[in-house]
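One letter stands for each residue in the lines below.
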Amino acid sequence: MDWFKEGVEHLLETRKYPRLKDRLEQELRERTRKNYADRLLTAEEILQWDFDPLTVFYDTSKPVGVRYRELATRQLQNQFPHLRSTYLKRILAANNFHFVPCLRLLQTLDWTKPGPYYKRQQSPFAELPSESDEPFYRELAFSRVEREFKDYVDMKTRIRESKVEEARAVGALLRCNCCFDEELLVEDTVECLGQHTFCKECVRRGMDVAIGQGKTTLECMSDGCGREFSLQTLQCVLKPNAFSSLLKKIQLLEIERAEIADLETCPFCSFAAIMPNQEDKVFRCLNPDCMKQTCRLCKEPDHVPLKCSEVENSSEVKMRTFIENRMSEALMRECHKCRKRFTKSEGCNMMTCVCGAKMCYVCRRPVRDYNHFGEGRCPQVSDLEELHGRDVYRGAKDAKRRFVEENPEMAGLDLKFDPMQGISPRSPAPTDVPPENDVGPVGLLAHARLRATH
């Protein structure tokens, strides 16, 4: 049995054994594919989404993930096997890799005759990657029924307009006591327990605000009422996902009010469990949509064997990485002509870019010749360690100031791993550089080919 014992020890050390979380994630991916890719959605199902697909799916300004890009590219290649790959890349880049806008644009092309986008040899069909991406599959499912969805929405709009005209003729229209819309049908409204009438949209927005504030009820929006909306009423108003989240909050609140001994809750979802063993410091969430492991003391992700005082929380990580990124950017110079970014490790301070533009490495402004350098002006040769140290220090101070301005609630935050610790300006910054020429650090770390002119 030694081989069995050795095998178990190897799995425990490498952690390559089957895990419940991996199995649940795989099942979730399969459900996603089956729900969106293997069947046609109905218009009513799409209307239950918590966003407008005609707005969201055609908004190309929002970035998409790497997995989404791969799936979108593969799907378009399968749907248009005669499309040249170079043309597809241009279409994807022009639409920020969003699937539906690219699909609709390609569908407008004439595929009956050759063109700059057409190739004779057909590309082989390729299966989509096994990794699931819900945003993509949801968009793919919508693309298959978009026309039917638009027709259904138009039909519902025409029917409602007809009902409004009929109700207006007999004086049966209602008014919302919040937005004061006076052309509402009975089906467009709900009442609080005090029988005040509101449109569903106002109640939905009000409940969204209440949930955001940690509340589980919504009071009547009429002055002096104070009554609430019933749970049945909220179920009629809220989208299914929003109502499900509300129910989970209500259940968690009721559990907390019960004051159950040794009850622990997941800081990332509403799952709760009783943990009588105080020596067990790790809370393991069994919610299939979460499955996170967290510290019972600090509520941060599991950090065993480190102590809570030795681990950064999310706010500290956010502040530290912000400062570190600005410190890296502070080292970079940018060509004033072609915008290439660069830094140097040796040579004089007159830099010549590959585009031909010249600039001073110290003050970062354009120069024509060596007359820029000299006594009382920028030095022709600098101690780079000192110069870069001063740049990094100023970048760090400016980053910390900007971060606190943008996040005032973190003004008193002390970093366990402060990137500014141990750095200081070795000499004062130059005072002869006009403010308008102090371009400042921009961009990400990258190296452009430059040569120092001697």
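Located above this text is the structure these notes cover.
The present account deals with the structure reproduced in this document. Since we're looking at a predicted model, the values are computed, not measured. (Residues numbered from 1 in each chain as written. Predicted model: local features only at pLDDT ≥ 70, side-chain atom pairs only at ≥ 80, totals over all residues. Heavy atoms only, no water.)

### Focus: helix 13 (residues 384-406)
Phase 1 of the analysis: Across its 23 residues, helix 13 extends 32 Å between first and last C-alpha, which sits within 8% of the 33 Å expected from 1.5 Å per residue.
Phase 2 of the analysis: Three or more residues of helix 13 are buried, namely Leu384, Leu387, His388, Arg390, Asp391, Val392, Gly395, Ala396, Ala399 and Phe403.
Phase 3 of the analysis: Sitting at the head of helix 13, Asp383 places a side-chain oxygen 3.1 Å from the backbone nitrogen of Glu385. (Helix = DSSP H or I, 4+ residues; strand = E, 2+ residues; numbered from the N terminus. Expected span 1.5 Å × (residues − 1). Buried < 20%, exposed > 50% of the residue type's maximum accessible area, 1.4 Å probe, protein only. Polar contact = N/O pair within 3.5 Å; in protein donor to acceptor, adjacent residues only side chain to side chain.)

### Points about a nonpolar patch on the surface
Phase 1 of the analysis: A cluster of nonpolar residues, Ile255, Ile260 and Ile274, forms a patch on the protein surface that exposes about 240 Å² of accessible area.
Phase 2 of the analysis: By secondary structure assignment, the location of Ile260 is in the loop between helix 11 (240-257) and strand 3 (263-265). (Patch = residues over 30% accessible without salt bridge, like charges linked within 9 Å, V, L, I, M, F, W, Y side chains within 5 Å. Areas by Shrake-Rupley, 256 points an atom, 1.4 Å probe, with all protein chains shown as cover. Salt bridge = Lys/Arg side-chain N within 4 Å of Asp/Glu carboxyl O.)

### Concerning the packing of helix 7 (residues 99-107) against helix 8 (residues 134-169)
Phase 1 of the analysis: Running from N to C, helix 7 and helix 8 cross one another at 35°; their axes reach a closest spacing of 9 Å. Helix 8 is crossed by helix 7, and the crossing has right-handed handedness. Mapping the contact onto sequence places Phe99, Val100, Pro101, Leu103 and Arg104 in helix 7 and Phe136, Glu139, Leu140, Ser143 and Glu146 in helix 8. (Axes fitted to C-alpha atoms, helices over the stretch in contact; angles between N-to-C directions. Left-handed = near helix turned anticlockwise from the far one by under 90°. Contact = heavy atoms within 4.5 Å.)

### A closer look at the packing of aromatic side chains
Phase 1 of the analysis: Applying the stated criterion to the full structure yields 14 aromatic pairs.
Phase 2 of the analysis: Ring geometry for Phe51 and Phe57: centres 5.6 Å apart, planes at 75°, overall edge-to-face.
Phase 3 of the analysis: Using a relative accessible area of 6% as the deciding quantity, one classes Phe57 as buried.
Phase 4 of the analysis: A ring pair is formed by Phe99 and Phe136, whose centres lie 5.4 Å apart and whose planes are at 75°; its orientation type is edge-to-face. One end of the pair, Phe99, is in helix 7; the other, Phe136, is in helix 8, and 37 residues separate them in sequence.
Phase 5 of the analysis: One aromatic cluster in this structure is built from Trp49, Phe51, Phe57, Phe142 and Phe149.
Phase 6 of the analysis: Residue placement shows Arg333 over the ring face of Tyr361; its charged tip is 4.1 Å from the ring centre. (Phe/Tyr/Trp six-rings, centres within 6.5 Å; stacked < 30°, edge-to-face > 60°. Lys NZ or Arg CZ within 6 Å of the ring centre and 35° of its normal.)

### So, the nonpolar core
Phase 1 of the analysis: Core analysis: the biggest nonpolar cluster contains 35 residues, and Leu76, Phe99, Leu106, Phe136 and Tyr137 have the highest contact counts within it.
Phase 2 of the analysis: Elements with a contribution of two residues or more to this core: helix 3 (43-47), helix 5 (66-79), helix 6 (85-94), helix 7 and helix 8.
Phase 3 of the analysis: For this core, the element with the most residues is helix 8, which contributes seven residues.
Phase 4 of the analysis: Among residues more than four places away in sequence, those in contact with Leu106 are Leu76, Phe80, Leu83, Tyr87, Leu88, Ile91 and Trp111.
Phase 5 of the analysis: One finds Val190, Ala210, Val237 and Phe243 within the second-largest nonpolar core, a separate group that totals 20 residues. (Core = buried A, V, L, I, M, F, W, Y, C linked by side-chain atoms within 4.5 Å.)

### Considering the pattern of salt bridges
Phase 1 of the analysis: Counting across every chain of the model gives 23 salt bridges.
Phase 2 of the analysis: Here Glu183 makes a salt bridge to Arg168, at a shortest N to O gap of 2.5 Å. Here Arg168 lies in helix 8 and Glu183 lies in the loop between helix 8 and strand 1 (189-191), a separation of 15 residues in the sequence.
Phase 3 of the analysis: The class of Arg168 is partly exposed, set by a relative accessible area of 34%.
Phase 4 of the analysis: Where Glu201 meets Arg205, a salt bridge forms, and the shortest distance between an N and an O atom there is 3.5 Å.

### Considerations on helix 12 (residues 314-330)
Phase 1 of the analysis: With 17 residues, helix 12 should cover 24 Å at 1.5 Å per step; its first-to-last C-alpha distance of 24 Å lies within 8% of that length.
Phase 2 of the analysis: Within helix 12 the residues assigned to the buried category are Glu316, Met319, Arg320, Phe322, Ile323, Met327, Glu329 and Ala330.
Phase 3 of the analysis: Residues of helix 12 that are buried in the fold lie against strand 7 (333-334) and helix 13.

### What to know about the environment of Ala72
Phase 1 of the analysis: Locating Ala72 in the fold gives a position in helix 5.
Phase 2 of the analysis: For Ala72, a relative accessible area of 0% translates into the label buried.
Phase 3 of the analysis: For Ala72 and Phe97, which are 25 residues apart along the polypeptide, the C-alpha to C-alpha distance reads 7.3 Å.
Phase 4 of the analysis: The residues contacting Ala72, other than those within four sequence positions of it, are Phe97, Phe99 and Phe136.

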